[in-house]
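Geometric and topological summary
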Amino acid sequence: MGSVVESTNKEVNGSVAVKNPTVVFVLGGPGSGKGTQCTNIVQHFGYTHLSAGDLLRAEIKSGSENGTMIQNMIKEGKIVPSEVTIKLLQRAMLESGNDKFLIDGFPRNEENRAAFEEVTKIEPAFVLFFDCPEEEMERRLLSRNQGREDDNIETIRKRFKVFLESSLPVIEHYTAREKVRKIDAGRPVEEVFESVKAVFTPKDEKAD
Ligand SMILES: Nc1ncnc2c1ncn2[C@@H]1O[C@H](COP(=O)(O)OP(=O)(O)O)[C@@H](O)[C@H]1O
Ligand SMILES: O=c1ccn([C@@H]2O[C@H](COP(=O)(O)OP(=O)(O)O)[C@@H](O)[C@H]2O)c(=O)[nH]1
Ligand SMILES: [Mg+2]
């Protein structure tokens, strides 16, 4: 056929994938500012922002057969099965036409991480970790006002527990491999972005 997709992408485990993509995982607790900072990074550095949570919420809205299951898991702050999230991420990567991605809010546990690695063969270039005090994250989530079914105090507490028990081990995994770039995310948006910019700017462009 000689289509663009065929010539620029490769088969991985039977599904088409973007060839040698650059992937940055953007991690941090609920309300740490992942989405906010990703919007800034996109404007400055030409990445495509893929929020796993946004993709899952879009899947609910689309009326997919998994919609009800996803909705129930999000309401309980639980982690949706890896294969569902990974398929949505792979599809979005392919549809973007880009080869640089910020994957926001994924992997959320070690099983997510191992499955993504196994299925896509992608290793992240690095991991941005937004480190924010829980009281600050709670304040932000309670005033987010996006009508999200999980931004209520009961679900927020469950999400914090899942973050500590399941998501922090992913950070530890990448810390041991010197891939984590930790950012103090408890500061105002602009100050946090100054630190983020420093991580994305190549060393030879930085002032001495
Ligand atoms: N540095 C910050 N200081 C204060 N409020 C913030 C900051 N970063 C984000 N917010 C606000 O906090 C809420 C959660 O931010 P968001 O980017 O959605 O976080 P996450 O994707 O990590 O859950 C949003 O209402 C956002 O406008
Ligand atoms: O890879 C993912 C990402 C999100 N979620 C679910 O979606 C919710 C909201 O995730 P999102 O990243 O949007 O929340 P945030 O951290 O930005 O507040 C989570 O609590 C999980 O229930 C999931 O199961 N797997
Ligand atoms: Mg978010």
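I will try to describe carefully the structure that is included in this document. (Residues numbered from 1 in each chain as written. Chains lettered and ligands numbered in written order. Predicted model: local features only at pLDDT ≥ 70, side-chain atom pairs only at ≥ 80, totals over all residues. Heavy atoms only, no water.)

Attention now goes to unusual backbone geometry. Note: most residues except glycine have negative phi, and most peptide bonds are trans. Going from Phe 106 to Pro 107, the amide bond is cis rather than trans, its omega being 0 degrees. Residues other than glycine seldom take positive phi values, yet Asn 145 does so here, at roughly 55 degrees. Counting through the fold element by element, Asn 145 comes out in the loop between helix H7 (134-142) and helix H8 (153-176). On the accessibility criterion, Asn 145 (72% relative accessible area) is exposed. (Helix = DSSP H or I, 4+ residues; strand = E, 2+ residues; numbered from the N terminus. Buried < 20%, exposed > 50% of the residue type's maximum accessible area, 1.4 Å probe, protein only.)

This part takes up the side chain of Asn 112. Positionally, Asn 112 belongs in helix H6 (residues 110-120). Residue classification places Asn 112 among the buried positions, given a relative accessible area of 2%. The contacts of Asn 112, once residues within four sequence positions are left out, are Ile 79, Val 80, Ser 82, Ile 86, Phe 106 and Pro 107. (Contact = heavy atoms within 4.5 Å.)

Here we take up the site of ligand 2. Taken together, 21 residues lie around ligand 2, and Lys 34, Arg 57, Lys 78, Val 80 and Arg 159 are the ones closest in. Arg 159 places a polar side-chain atom, nitrogen or oxygen, 2.8 Å from an oxygen atom of ligand 2. For the shell around ligand 2, the element with the highest residue contribution is helix H3 (residues 52-61), accounting for four residues. Split by residue class, the shell around ligand 2 holds eight nonpolar, five polar and eight charged. (Near = heavy atom within 4 Å. Polar contact = N/O pair within 3.5 Å; in protein donor to acceptor, adjacent residues only side chain to side chain. Nonpolar A, V, L, I, M, F, W, Y, C, P; charged D, E, K, R; others polar.)

This paragraph deals with the nonpolar core. With 23 residues, the main nonpolar core has Val 23, Phe 25, Met 93, Phe 101, Ile 103, Phe 106 and Phe 116 as its most contacted residues. Contributions of two or more residues to this core are made by strand S3 (22-28), helix H5 (82-96), strand S5 (100-104), H6, strand S6 (126-131) and H8. Those residues in contact with Ile 103 that lie beyond four places of it in its chain are Val 23, Val 24, Phe 25, Val 26, Leu 50, Leu 89, Met 93 and Phe 116. (Core = buried A, V, L, I, M, F, W, Y, C linked by side-chain atoms within 4.5 Å.)

Turning our attention to the site of ligand 1. Residues in contact with ligand 1 amount to 13 residues; listed here are only the nearest, Gly 31, Lys 34, Thr 36, Arg 144 and Arg 187. Contact between ligand 1 and Gly 31: an oxygen atom at 2.9 Å from a main-chain N or O atom of the residue. Residue Arg 140 places a side-chain N or O atom 3.4 Å away from a nitrogen atom belonging to ligand 1. Contact with the protein chains covers 75% of the free accessible surface of ligand 1, which is 550 Å². At three residues, the largest contribution of residues to the shell around ligand 1 is made by helix H2 (residues 34-45). When the residues that make up the shell around ligand 1 are grouped by side-chain class, the tally is three nonpolar, six polar and four charged. (Areas by Shrake-Rupley, 256 points an atom, 1.4 Å probe, with all protein chains shown as cover.)

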